[in-house]
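Summary of structural features
The chain contents come next:
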Amino acid sequence: MNGYGIKDGGEFFPVSLQFGGHKLCGSGRFSNVYCGQMIGPIQKEVAVKNVWSDTETRHLPTTQYPEVQILSKVFHPSISNLLYFYSRNANNKTIHCLVLDYLPSEMAKLRDQGVKFDVLDAKLYTFQLFCAISHLASKNIVHMDIKPQNVIMDRMKGLLKLADFGNARRLETSEKTGGAYQVTRFYRPPELLFGCEKFTSAIDIWSATCVAFELFANRVLFRGKDTKDQIMLITGVLGYPTDEDIKSMGVKRPRVARKEARGIETFTSKMLDPDMYEFMKSTLKIDPKKRKTAIDVLKMSVFDVIKVVPRKKRSNGAELPNVIGYTEMNHKRECVEVEPAPAGIETTEKAEKESKSSSSHSTEEETRK
Ligand SMILES: Nc1ncnc2c1ncn2[C@@H]1O[C@H](COP(=O)(O)OP(=O)(O)OP(=O)(O)O)[C@@H](O)[C@H]1O
């Protein structure tokens, strides 16, 4: 099958792809995700996300599909990286097929199965999540949908990757966020709940902190029934936004009861690690400009324990994975089997045509709505 690889600078190159067997391992509104073995040009267990176009992206070639565009700009061990991609035609629809780094478990499913993480693992996973966000911020990208359903893990090895870049945006975009309707409600930051429509990396900081809390406390932090309830829960803990907050966010005053800040310690009832509170207090700020950035979060003492040498043992007896290097932002892609065709638009279009004409078997995603 003909597809594309991605060079370090983000350019695409045509490449021949080969796969072994695969099985369905997840699905979304417009996608099915299969996991299986890639045989060529590299041998690796991968996830293949088959996305069928919605109305806005129906006519886009896969090279221009937004998730491919965004993922071609990033590469980091804590991200489900795009390794290759190809497209297929089914019922006159383009199916965009994204070959991604695979990890076997989804955080939300583990939580539903009652899996609990000890403090060391919770810190290890939180560190990796913030490494991923830090890398995205360095590329001016906001994920916009950080939640346990989009966090994949390898519990044996203690590894985490951020997945699903279907809502991710570049910071310099002139589009608006859609305010209160972006980011899944429990993980939606106050500025979006109040109607702010600007993309900032601080959106991901709020969502990732809510996810981190779940790793430590095994429950959702702010489980609002609707937008108003979500605002009430947040203002109940952090207090009604000050005039300065409102000005900074450029939003109208929220029409909810004015409450005094109750504080995160009281609200969370179960005692967390004191360093964890220090971290949450620095990232759960109503004013997005006052939230600590990911790079600064990674330096906080809450993570000292996972940096200790020799590395500590995890509860499963395995040594902590060496994630210290994950704070570096310039991880290199390995480009395999670059064909001797010139790079650039012409190459890209040629490979796109070839890849379309090689459209193959039909699977259930083509018949699902
Ligand atoms: N790289 C991966 N490795 C393993 N499983 C994955 C991977 N990517 C996605 N999945 C699984 O597939 C599910 C759906 O993937 P994803 O969230 O990317 O699809 P989506 O169509 O964007 O979803 P949604 O409609 O919820 O936005 C995930 O929740 C996860 O369980």
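Residues numbered from 1 in each chain as written. Predicted model: local features only at pLDDT ≥ 70, side-chain atom pairs only at ≥ 80, totals over all residues. Heavy atoms only, no water.

**Here's the deal with the packing of aromatic side chains**
- Per the counting criterion, the structure on display carries 10 aromatic pairs.
- Ring plane angle 45° and centroid distance 5.9 Å describe the contact between F19 and Y86, whose orientation is recorded as tilted. Pair noted here: F19 is in strand β3 (residues 18-28) and Y86 is in strand β6 (residues 82-90), with a separation of 67 residues, a long-range link.
- Ring geometry for W206 against F222: centres 6.0 Å apart, planes inclined by 20°, an arrangement best described as stacked. Of the two residues, W206 is situated in helix α5 (residues 202-217) and F222 in the loop between α5 and α6 (227-238); the sequence distance between them amounts to 16 residues. By the burial criterion, W206 is buried, and F222 matches it.
- Three or more aromatic residues joined by ring pairs make a cluster, and in this case those are F127, F130, F279 and F303. (Phe/Tyr/Trp six-rings, centres within 6.5 Å; stacked < 30°, edge-to-face > 60°. Helix = DSSP H or I, 4+ residues; strand = E, 2+ residues; numbered from the N terminus. Buried < 20%, exposed > 50% of the residue type's maximum accessible area, 1.4 Å probe, protein only.)

**Digging into the side chain of K147**
- You can see K147 is positioned in the loop between β9 (141-142) and β10 (151-154).
- A relative accessible area of 16% means that K147 is categorised as buried.
- Ignoring any residue separated from it by four or fewer positions in sequence, one finds K147 in contact with T184, Y187 and V211. (Contact = heavy atoms within 4.5 Å.)

**Details of the packing of α5 against helix α9 (residues 274-283)**
- Interaxial distance between α5 and α9 falls to 10 Å at its minimum, and their mutual angle equals 155°. Of the possible angle classes, the one that applies to α5 and α9 is roughly antiparallel. Crossing hand, α5 versus α9: left-handed. Of the residues in α9, those touching α5 at I205, W206, T209, A212, F213 and F216 are M276, F279, M280 and T283.
- In terms of residue class, the contact of α5 with α9 is built from eight nonpolar, two polar and no charged. (Axes fitted to C-alpha atoms, helices over the stretch in contact; angles between N-to-C directions. Parallel < 35°, antiparallel > 145°, perpendicular 65-115°, else oblique. Left-handed = near helix turned anticlockwise from the far one by under 90°. Nonpolar A, V, L, I, M, F, W, Y, C, P; charged D, E, K, R; others polar.)

**Here's the deal with the domain arrangement of the protein chain**
- With domains assigned, the protein chain is organised as domain 1 (2-101) and domain 2 (105-327).
- Spacing between the C-alpha centres of domain 1 and domain 2 amounts to 27 Å.
- Taken together, the contact between domain 1 and domain 2 spans 15 residues of the former and 20 residues of the latter.
- For the pair domain 1 and domain 2, the two sides together bury roughly 1400 Å², of which 62% comes from carbon and sulfur.
- For domain 1, the biggest contributors to the area lost against domain 2 are I70, H76 and S78; these three give 36% of the whole.
- Counting every contact that joins domain 1 to domain 2 gives two salt bridges.
- Here D164 ties to K49 by a salt bridge, and the two come within 3.2 Å at their closest N and O atoms. (Domains from an automatic or database assignment. Buried area = accessible area lost by both parts, 1.4 Å probe. Salt bridge = Lys/Arg side-chain N within 4 Å of Asp/Glu carboxyl O.)

**Observations concerning the sheet that holds strand β2 (residues 12-16)**
- If you trace the seven strands from one edge of the open sheet to the other, you get β2-β1-β6-β7-β5-β4-β3, paired in antiparallel fashion. Two strands lie at the open edges of the sheet, namely β2 and β3, each paired on one side alone. Going across the sheet, the axis of each strand differs from the next one's by a mean of 30°, ignoring polarity. (Pairing = 2+ DSSP bridges.)

**Some points on α6**
- The end-to-end C-alpha separation of α6 is 16 Å, in line with the 16 Å expected for 12 residues at 1.5 Å each.
- Two residues or fewer after α6 comes G239, characterised by a positive phi angle close to 90°. (Expected span 1.5 Å × (residues − 1).)

**Describing the pairing of β2**
- Counting buried positions along β2 gives four out of five residues, so the element sits mostly inside the fold.
- Across five bridges, the pairing between strand β1 (residues 2-6) and β2 is antiparallel. Along β2, the bridge assignment pairs G3 with V15.
- Between β1 and the antiparallel strand that follows it, β2, lie five residues; G10 among them carries a positive phi value of about 100°.

**Some details on the pattern of salt bridges**
- Enumeration over the complete set of coordinates arrives at 18 salt bridges.
- For D8, the salt bridge is made with K332, and the minimal N-O distance between the two is 3.7 Å. Of this pair, D8 sits in the loop between β1 and β2 while K332 sits in the loop between α11 (304-307) and α12 (345-357), and the two are 324 residues apart along the sequence.
- Taking the shortest distance from any N to any O, the salt bridge between D296 and K299 comes out at 3.4 Å.
- A residue is classified by how much of its surface remains accessible, and D296, at 32% relative accessible area, is partly exposed.
- What you see here is one network of salt bridges that share partners, running through K44, D101 and K161.

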